[in-house]
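Close look at the chain arrangement
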Amino acid sequence: MTTFECSNSNNFETFQLRKDQTWEVRANNRRYHTQVKEPFFLCFKTRKYAGNEIKTSKYNVVTFLPRNLFEQFQRVANFYYLLIVILQAVPAITTLPWYTTMIPLTFVLGITAVKDLIDDIARHKSDKEINNRPCDVLVEKSFTIAKWKELQVGDVVCLKKDDFVPADLFLLSSSEPNSLCYVETAEIDGETNLKYRQALSVTHDEVNTVDQLARFDGRIICEKPNCDLHSFTGTLFWKGQEFSLDNEQILLRGCRIRNTEKCYGVVLFAGVDTKIMKNSGRYILKKTRIERLMNRVVFLVLLILAGLSFCLAAGGAAWDEKFGKKAPYLDIESENFSPGYRGFLSFWGYVIILNSILPMSLYVTFELLHVVQSFFINWDIKMYCDERDSPAKARTTTLNEELGQIKYIFSDKTGTLTQNIMTFKKCSIGGRIYGNQFDDVKNAKVVDFSWNTFADEKLKFYDCSLLELIRSGDDPGVHEFFKLLAVCHTVMVEAKDGQLTYQAASPDEEALVTAARNFGYVFLSRTQDTITISELGVQRTYTVLAMLDFNSFRKRMSVILEDSEGKIKLYSKGADAVIYERLCPNCPHKESTQMALDYFAAETLRTLCLAYKEVEESYFKDWNQRHHKASVILQNRGRLLDELYEEIERDLVLIGATAIEDKLQDGVPETIQNLKEADIKIWVLTGDKKETAINIGYSCKLLSDRMVLFDGHDISKALEKLQKSNYMYKDNNIATISGAISNSEQPDLLSCDNKALIITGSFLNKFTRRLKQSKRKKTSCWKLRTVINPKSREEVDCEEEAHERAFVELACLCKSVICCRVTPKQKAMVVQLVKKYKNAITLAIGDGANDVNMLKTAHIGVGISGQEGMQAVLSSDYSLAQFRYLERLLLVHGRWSYLRICKFLRYFLYKTFTFSFVQIWFAFFSGFSGLSVFEKWCISFYKVAYSWLPVLLLGALDQDISDKLITKCPKLYKIGQCNELFNYRIFLITLFHGLLSSVVIFFIPYGAFLDTTGKDGIAVSDYQSLSTTIGTAVVISVNIEVMLEISYWTVPTVLSIIISLALYFCITFLTQSTFLTQLAPDMFQFHGAALNIFKQPYVWLTILLTIAVNFIPSITIRLIWRVFHSKTAGRATYENLNKSQQTSNNKATHFRRGSTQRRSAYAFSQDKGYADLITSGASIRKKRPASGTNTITNTFSQSMPEGETDVVQERF
C-alpha cells in the first residue's frame, strides 16, 4: 500500500490507496509533475507524467536507417543477396564483380526505403497537425494560447464550443447551469448523440472565474492510465475535504464540446497516457501470406542451392583428384592446394555461379507488380465517389494479393455500414399506414413543406394525404400522434439566427421531433416544469407534471402533462412489446397496427408504438404523493419507482406507430450478400447498444428472420460444459474444437445450422477477466508444482489456450457475429483472437479513431473517409469512400491481384529453375570446372530482356474472367481463401517441371551435337554452337510457356512475346558479331557462332524437337489440373455462372410478412435519459433568449392561412 498526504493550509490528511490508484495530480503545479521520475531500465529513470505530444510515426532521423534495414533484412532473399555480395568480394572464389549484385540490391533496398519514408512522412504531418492545434491554457492569472503538445499534467485548460478535448481532463466548471457539459464522442465510440458530463457542485460554486481557477490547488488521486473508456475512479482533496470522482466528471481526449459555450478542466492524463491513445494500439509490420510463404520457399531454394553446390564441388574435387594429372594444360598442380580446399573454394564458386536460381529481378518485379496493381486500384473509376470527390487509394502497396484471400471481415457500424442519419419514413395512425407503401419513389410525390417556415427542408415524405389530413383537423388521432412526438422527449433546443437547433440524446429522438416539426407540431422551448410547442401555428404551453424516463429495462418513456384547461394526459412511446402489454382491453386498431409493425419490420425500419391515456386529477394527486415519497427513500428506491411507473402506465390507448430508417450506406445489403456468397464471414464490432446493432444487422442482411440468435450466456454454458468434460488442448488428443463441442452434449448452440451470435463488451470483459484470474491462480501454484511436474507451466498455457480456442471456434461456427458496446481495445482483441486461432486472413474496416487499433491489428485495414475524421484513413492500408466499394476491392482487384501474383511466381520460378538446372547438367560434362553452358551475355540479358517483359505483363494484366462475371459468381473468390494457386505443392510441381524442362533442353541438343557437321562442312558440335543452340531453345521454350499461362490476351502481351524473341536474336547476333569481337575480344568471345548455326537446318530441327518434347510435361500437367481442379482453379464455367445468375434473380428477402419474431427495436440511448436533468432544472439555462421564441413563432403564425392562427397565452 501507498500513503499520500493531502494538505491544505493547516489541515493534513492521509489517504490510503489501492494498488491500482497510484496517480497523483496537482493542479497548477507543473514543477511537481516534471520532477517526478520512475524506474525505466536498471538504474535509469524516466518521467512518470508524459507530455501531451503524440507520435504515430514509425521512424525519426536517427532510427530510420537501422530500423528500416532491419525490417527489410527480415526478408530471407535480401540477406542472401548480401551474402552473395560478401562472397563476390573474396578474390579466391569470385567469378563475378561484387558490384554486379550490390548495385541492384542497393536499388531494391532504396526503393523500399523511399516508399516507407513517404508513408511515414504522411504520419509525421498528421501528428504535427494534431500536436500544433491551439488551446487556452492558464498561465499564472490569465489564459494564453498554447499548442496541444505543450500541455502538461496539472494544467488548467479552457475549452469552447466545438473544440476537441486535447487531453483527459477533470471537469471543474462550465458556463452551463450546474456546470453541465455536453460532449460528442464520435471519435471514441462512433456515437454522434450527445452525452453530458457534470462538474462537482463544490468546484461549480467556487472555481468558475480566472482568479479562482488560478488559486485552485486541489490534488487528484486516481487510477493509473488505462484503456477503460467507460469507468474512472478517483478522489479530489481540496480545502481539507475529500470528494469522490467518477466518469461523470471526466472529459476524454477526442471528445468534442457541444452545446456548451465554455468549460474548464485540469489535465489528468496527457499524450500516450490518455485513454484513447491507450486504445490505439502499436504499429505492426504487416506481411502477406504469399510473402511469408516466399520467405520459406526462398529458404528451400537456398537449401537446394547449397546441396547442389556441395555435390558439384565434391564432384569437382573428385575429378581433379582422378583426372587432374592427366590434364596438365589445366595447371591444377601449380596451385599447391589440397583437393579438399579446392573443393571448398569450388563450393562457394558454384554458389555464386548458381545464384541465378534466385535472381534479384524476382523481387524487383515483385515490388513493381505491387505498385502497378496499386495504381489500378487508385485509377478505378468504379470505386470513385462523386459526392465526396474521393477515389479509392492503396496507401500500402505490398498487401494487394492478400485482398484476394480474405476470410473474415470485421466492420464498424456507425459511419461504415450506416450514415448515422435517422429519417422519418412511414407511420401508422389509427390502423392506416402513411408513406409510400410500395417504395416507388420515382413516381411518388414528395410532400411540400414550403408552407411551414420551421421545416428543415431535409425530410422527404411520400404521402400527401397525411398532410392534408393534418391541416383539415378532421382526425383527432393524427393531432394526438404528432403532439406526442412534440412533447414526449428529452431533446434540448436552441434558437440561433431565427432557426431552431435540436440536440438529442439519440438521433432517433431528433428524427421524431424533427418530423413533428415539419408537419407543423414544433417543439419551441422548455423550462424545468413546462414545455412549449406550436401546434399548426398555435403556441401552447403545457405543464410537465412528471417525466418517466427511459432506461434499457423499461424500453419506453412517458410524460404526464396538464393543459390550460386542467386536463391531465399521459403520453408514452416505446417498443411495441412493452406498449402492447399495457394497452387497455378492447383497444381499437390493435390488430391493424400490429400488421403495420410487421410491414415496417419487413422493410427493416426501426419502429416505436405511441399511446396515451387521460388521468383523473384525484388519482394523479395520490400517485404523485407516493411518487415523491419513493423518490427520496434511501432503500429500494429504484424498485418502488418502477412499480409506480408500472401502475400509471396501464390501460393505454394506442395511437399508432412510427417507422424510422437508419440510413445505410448505399449498396450495403447487396455488398454484404455478395461477400457472404464468396464465403467471407462478416463480424460487426460496434460501440452502439445491443438493440441498435441487431436492428442494423437485419437492415443490412447480416441477420435474417430464419436465423436463431444466441448471446454470451449461450457461449458461457457451452464453455462450462466443455470444462466439465475435461477438454484440454494438448498432445492433439482431439483433432478439432468442433469435435469436442459436439461431444459435450450442447443441444441448443450446435443443433442449429443457421445461427448468429450477439455478444456484448461486458461479456468480453468477464471472459478475459476470468481467463486472467484463472491464469493468476494457477500461476501462483506453479513454482510448487514444477518441482513435482516440470510440465505444469505448459499445462497452464494449454488450458488457457483451449478456453480461448473453444470460444473462437464457437463464434466462428455462427453465420454472423455482432459484438456491441465494445471498446476500441476489445475490437482489436476480437480480431487478434481470430488471427491467433484461425488460419485465415482478416480485414478490418472502419471510419473513426475508435477503429484505429482494430485496423492495425487485422491483416488488412481499410479506412472509410467518412464524417468522423481522417484518423482511420491515416492508419489504414487502403481507403474507400463507401463500404459498397469493398466488394469490388476484394472480389475484383483482390482476386485479380492474387491470381496474377501466383501466376507470376509460378512462371518466374519455372523459367529460373529451367535456366539454372541446365548449368548443373553441363557441369558433369565440363569436368566440374564451373564453366557456364551459356554465353555470359545471354546470362545477363536473360533476366532483363529475353523473358522479363512477358512475365511482367502476365503479373500486371492477366485475368481469367471479367469483373462483371466475378461479381455474378462470387464463389470463385474461394480459390484465394484456400490458397490453391501458390503453395508448397505448387512449388514442388514447378520445381519438378523446371527440372524436366532442363533435362529436355540440355540433353536433346547435346545428343544431337555429339558428333555432327553441317552441310557446308563447318562443325556445329563445338562448345559455342551448343551454347547458342541451348540458349535459343531455353528462350523460345519459356516464352511459349508464358503463352500457355496467359488467360487474357491484349496487344501489350502479344507485343511482349514478339519483343522478347526479337531482342534475343538481335542481341545474340550483335554480341557474336565480328565488329564487337574485334573491338573487345575478351568480352565478346563467341565470334560468328550465331551466324554459323542459324543457317544450318539441322540446328533448327534440333531446336524445334527440343521445344516440342518440352511441351509434353507442360501440357500433361495442365490437363491434370483442368480435370481435377476445373471448378476451383479460378476458371468460371457456364454452369457456375448460370447457377449464380439464377440465385441472384431468385434472392428472396430475409423478412417474411407477418413475422412476429422481430417487430421493432427501441433505439434510444443505452444509458438513462435526460429526464432527471430536465425536471431538476439542471439543464435549463438561467437566461432564456430575449425574444427568439416569440419572433420565430410570430413569423410562423404569419405564414399560416387565415383562421388557423389562435395564439394562446404562454404560461411560464
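Residues numbered from 1 in each chain as written. Predicted model: local features only at pLDDT ≥ 70, side-chain atom pairs only at ≥ 80, totals over all residues. Heavy atoms only, no water.

**Overview of the overall build of the protein**
Scanning the protein from terminus to terminus reveals 43 helices and 37 strands. Across the 1212 residues in the protein, those meeting the buried criterion constitute 56%. In the protein, once contacts between residues fewer than 6 apart in sequence are set aside, the share between residues at least 24 apart is 75%. (Helix = DSSP H or I, 4+ residues; strand = E, 2+ residues; numbered from the N terminus. Buried < 20%, exposed > 50% of the residue type's maximum accessible area, 1.4 Å probe, protein only. Contact = heavy atoms within 4.5 Å.)

**Some points on the sheet that holds strand S28 (residues 568-574)**
Taken together, the nine strands give an open sheet; going across it, the order is S21-S20-S30-S29-S28-S27-S26-S25-S24, and neighbouring strands pair in antiparallel fashion. Every interior strand has two partners, whereas the edge strands, strand S21 (432-434) and strand S24 (521-526), have only one. This sheet shows a mean twist of 30 degrees between the axes of neighbouring strands, independent of strand direction. Where strand S20 (residues 418-429) meets S21, three bridges bridge the pair, whose relative direction is antiparallel. Bridge pairing in S21 places Ser 428 opposite Ile 433. (Pairing = 2+ DSSP bridges. Axes fitted to C-alpha atoms, helices over the stretch in contact; angles between N-to-C directions.)

**Points about the confidence of the model for the protein**
Summing up the model confidence of the protein, the mean pLDDT is 79 and the portion of residues at 70 or higher is 81%. Here residues 1-20 scores under 50 on pLDDT; set against residues more than four positions off or in separate chains, the count is 45 contacts. (pLDDT = per-residue confidence, 0-100.)

**Observations concerning the pairing of strand S33 (residues 755-760)**
A large share of S33 lies buried, amounting to five of its six residues. Across four bridges, strand S32 (residues 708-711) lies against S33 in parallel orientation. Of the residues in S33, the one forming a bridge with Phe 710 is Leu 757. As paired elements, S33 and strand S34 (residues 816-820) share five bridges and run parallel to each other. Within S34, the position partnered with Leu 757 by the bridge is Val 817.

**Notes on the packing of helix H31 (residues 936-946) against helix H37 (residues 1051-1071)**
Any two packed helices are characterised by the angle at which their axes cross and by the distance between the axes. Look at H31 against H37: their axes get within 10 Å of each other, and the N-to-C directions meet at 155 degrees. Comparing their axes, H37 and H31 come out roughly antiparallel. With respect to the hand of their crossing, H31 and H37 are arranged in right-handed fashion. Seen from H31, the contacting residues are Trp 937, Phe 941, Ala 945 and Tyr 946; seen from H37, they are Ser 1060, Leu 1063, Tyr 1064, Ile 1067, Thr 1068 and Thr 1071. Of the residues in the contact of H31 with H37, the class split is seven nonpolar, three polar and no charged. (Parallel < 35°, antiparallel > 145°, perpendicular 65-115°, else oblique. Left-handed = near helix turned anticlockwise from the far one by under 90°. Nonpolar A, V, L, I, M, F, W, Y, C, P; charged D, E, K, R; others polar.)

**Digging into the packing of aromatic side chains**
The tally for this structure, following the rule as stated, stands at 46 aromatic pairs. Considering the side-chain rings of Trp 23 and Phe 269, the 5.6 Å spacing of their centres and the 55 degrees angle between planes classify their relative orientation as tilted. Of the two residues, Trp 23 sits in strand S3 (residues 23-26) while Phe 269 sits in strand S17 (residues 262-269), which places them 246 residues apart along the sequence. The same class applies to Trp 23 as to Phe 269, namely buried. (Phe/Tyr/Trp six-rings, centres within 6.5 Å; stacked < 30°, edge-to-face > 60°.)

**Some points on the nonpolar core**
By size, the foremost hydrophobic cluster in this structure holds 89 residues, and its most contacted members are Ile 290, Leu 358, Leu 905, Phe 982 and Ile 1030. Per-element tally for this core: the top contributor is helix H30 (residues 885-923), with 17 residues. When neighbours within four sequence positions are excluded, Leu 358 is seen to be in contact with Ala 77, Tyr 80, Tyr 81, Val 298, Val 301, Leu 302 and Thr 912. Formed by 58 residues, the second largest nonpolar core is a distinct cluster that contains Tyr 182, Val 491, Leu 512 and Ile 660. (Core = buried A, V, L, I, M, F, W, Y, C linked by side-chain atoms within 4.5 Å.)

**What about a negative patch on the surface?**
The grouping of Asp 386, Glu 387, Asp 389 and Asp 666 at the surface amounts to a negative patch. For Asp 389, the location among the structural elements is in the loop between helix H11 (360-379) and strand S18 (393-394). Overall, Asp 389 belongs to the exposed group, its relative accessible area being 55%. (Patch = residues over 30% accessible without salt bridge, like charges linked within 9 Å, V, L, I, M, F, W, Y side chains within 5 Å. Areas by Shrake-Rupley, 256 points an atom, 1.4 Å probe, with all protein chains shown as cover. Salt bridge = Lys/Arg side-chain N within 4 Å of Asp/Glu carboxyl O. Lys, Arg positive; Asp, Glu negative; His and termini not counted. Charge placed at Lys NZ, Arg CZ, Asp CG, Glu CD.)

**Quick word on unusual backbone geometry**
If a residue is not glycine, its phi is most likely negative; likewise, a peptide bond is most likely trans. Non-glycine residue Asn 586 carries a positive phi angle of around 55 degrees. Mapping Asn 586 onto the fold places it in the loop between helix H15 (576-580) and helix H16 (590-602). Here Lys 701, not a glycine, exhibits a phi torsion of approximately 70 degrees, which is positive. Judged by its relative accessible area of 27%, Lys 701 is partly exposed.

**Notes on a nonpolar patch on the surface**
Residues Met 1043, Trp 1049, Val 1051, Val 1054, Leu 1055, Ile 1058, Ile 1059 and Leu 1063 make up a contiguous nonpolar surface patch of about 680 Å² in total accessible area. With six residues, H37 is the largest single contributor of residues to the nonpolar patch. For Val 1054, the position within the fold is in helix H37. When its relative accessible area of 36% is taken as the criterion, Val 1054 is described as partly exposed.

**Looking at the sheet that holds strand S8 (residues 156-160)**
Strand order in the open sheet formed by six strands is S7-S6-S8-S17-S9-S15, with antiparallel pairing between adjacent strands. The open sheet has two free edges, formed respectively by strand S7 (142-147) and strand S15 (250-251), since each of these has just one partner strand. Judged from the two bridges that link them, strand S6 (residues 134-139) and S8 form a sheet pairing that is antiparallel. Pairing of Val 137 across the sheet is with Val 157, part of S8.

**Details of the side chain of Thr 527**
By the secondary structure assignment, Thr 527 is in the loop between S24 and strand S25 (530-535). Thr 527 gets classed as buried once you look at its relative accessible area, which sits at 15%. Here the side chain of Thr 527 touches Thr 530 through a polar contact of 2.4 Å, side chain to side chain. (Polar contact = N/O pair within 3.5 Å; in protein donor to acceptor, adjacent residues only side chain to side chain.)

**Observations regarding the packing of H30 against helix H36 (residues 1023-1045)**
H36 packs onto H30 with a crossing angle of 165 degrees between their chain directions and a minimal axis gap of 11 Å. What the angle tells us is that H30 and H36 run roughly antiparallel. Of the two elements, H30 crosses H36, and the hand of that crossing is right-handed. Across from Lys 903, Arg 906, Tyr 907, Tyr 910, Lys 911, Phe 915, Val 918 and Phe 922 in H30, the residues of H36 making contact are Tyr 1023, Ile 1030, Val 1034, Val 1038, Asn 1039, Glu 1041, Val 1042 and Glu 1045. Each residue belonging to the contact of H30 with H36 can be placed in one class, and the counts come to 10 nonpolar, one polar and five charged.

**Observations concerning the state of the cysteines**
Every disulfide links exactly two cysteines, by a covalent bond between their sulfur atoms. All told, the structure shown has zero disulfides when counted by the stated rule. Looking at Cys 584, it has no disulfide partner, and the nearest cysteine sulfur is the one in Cys 587, 4.5 Å off. Cys 820 supplies the cysteine sulfur nearest to Cys 819, a cysteine that is in no disulfide, at a spacing of 7.6 Å. Take Cys 819: its relative accessible area is 0%, and that puts it in the buried class. (Disulfide = S-S within 2.5 Å.)

**Digging into helix H27 (residues 824-837)**
Between its terminal C-alpha atoms H27 stretches 21 Å, which fits the 20 Å expected from 14 residues at 1.5 Å a residue. Turning to H27, its buried residues are Pro 824, Gln 826, Lys 827, Ala 828, Val 830, Val 831, Leu 833, Val 834 and Tyr 837. (Expected span 1.5 Å × (residues − 1).)

**Quick notes on the pattern of salt bridges**
Tallied over the full model, the rule gives 38 salt bridges. Arg 582 is the salt-bridge partner of Glu 581, the closest N and O atoms lying 3.3 Å from each other. Where Asp 622 meets Arg 626, a salt bridge forms, and the shortest distance between an N and an O atom there is 3.3 Å. Within this pair, Asp 622 and its partner Arg 626 are both found in helix H17 (residues 617-632), separated by four residues, close to a single helical turn. Assessed through its relative accessible area of 30%, Arg 626 is described here as partly exposed. Each member of the salt-bridge network shares a partner with another, and the members are Arg 554, Arg 556, Glu 581, Arg 582, Glu 646 and Glu 649.

**Some words on H31**
Within the span of H31, buried status applies to Trp 937, Cys 938, Tyr 942, Ala 945 and Tyr 946. Each buried residue of H31 lies within a common arc of 135 degrees when the element is viewed along its axis, so the set occupies one face. Residues of H31 that are buried in the fold lie against H30, helix H32 (948-957), H36 and H37. (Arc of directions from axis to C-beta.)

**Section: the environment of Arg 1118**
Assignment of secondary structure puts Arg 1118 in helix H40 (residues 1097-1125). A C-alpha to C-alpha distance of 9.2 Å links Arg 1118 and Leu 1044, two positions 74 residues apart in sequence. Not counting residues up to four positions away in its chain, the partners in contact with Arg 1118 are Glu 1041, Leu 1044 and Glu 1045.

**Examining the environment of Leu 610**
When you line up the elements, Leu 610 lands in strand S29 (residues 606-615). As for Leu 610 and Ser 572, which are separated by 38 residues in sequence, their C-alpha atoms are 6.0 Å apart.

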